[in-house]
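Secondary and tertiary structure notes
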Amino acid sequence: WYFFCRLDYKYKNSKRASRATESGYWKVTGKPRFILARDSGDQIGVKKTLVFFYRARGDIKPISTQWVIHEYKAAELLPDQVGLLLFAYAVVNGLF
């Protein structure tokens, strides 16, 4: 599945992304990978892998799930595309 989403920031004047939900949060795992153009080798974007961590009621420590999404961000954007991200959703080995 692929879908577009506008980036939500943690604070009003911040560059830090907010990936929190009512039941948990998406955490970046590994390091960002650069996407290169085939013909020129120029960097055209960045790919990040995120894993969902579930917060069960009453539990202090979040639980890692098998839910994975890949976040894609273009290197150059038009003014109306600022903060627009493409996500690819994948479930690895079932739900949890």
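Residue numbers run consecutively from 1 along every chain, following the written order of its sequence. Only residues with pLDDT of at least 70 are given local features in this predicted model, and only at 80 or more are side-chain atom pairs given and counted; all residues enter the totals for whole chains, interfaces and linings. To obtain the side-chain values, all non-hydrogen atoms of the structure were included, while hydrogens and water were left out.

Labelled according to an unreviewed UniProt entry, the chain appears under the name NAC domain-containing protein, originating from Linum tenue.

Any two strands between which DSSP finds at least two bridges are classified as paired. To qualify as a helix, a DSSP run of H or I must reach at least 4 residues; to qualify as a strand, a run of E must reach at least 2; elements of each kind are numbered from the N terminus. Sheet topology places strand S2 (residues 24–36) next to strand S3 (residues 43–54); ten bridges connect them, and they run antiparallel. Paired with Lys 27 across the two strands is Val 51, which belongs to S3. Linkage of S2 to S3, two consecutive antiparallel strands, is achieved through a turn of six residues, within which Gly 41 is found at a positive phi near 80°.

A few words on the packing of aromatic side chains. Under the pairing criterion, centres of Phe, Tyr and Trp rings, with the six-membered ring standing for Trp, must be within 6.5 Å; the plane angle then separates stacked pairs below 30 degrees from edge-to-face pairs above 60, leaving the rest tilted. Taken as a whole, this structure holds three aromatic pairs when the rule is applied. Ring geometry for Tyr 25 versus Phe 53: centroids 5.5 Å apart, planes at 5°, classification stacked. Of this pair, Tyr 25 sits in strand S2 while Phe 53 sits in strand S3, and the two are 28 residues apart along the sequence. Between buried and exposed lies partly exposed: a residue is buried under 20% and exposed over 50% of the maximum accessible area for its type, with that area taken using a 1.4 Å probe on protein chains only. For Phe 53, a relative accessible area of 16% gives the class buried. Linked through ring pairs, Trp 26, Phe 52 and Trp 67 together constitute an aromatic cluster.

What follows deals with the confidence of the model for the chain. For the chain, mean pLDDT is 77; residues scoring 70 or higher make up 73% of the total. Scored from 0 to 100, pLDDT reflects the predictor's confidence in each residue. Predicted confidence in the chain is weakest over strand S5 (residues 84–91), with a mean pLDDT of 63, and strongest over S2, with 90.

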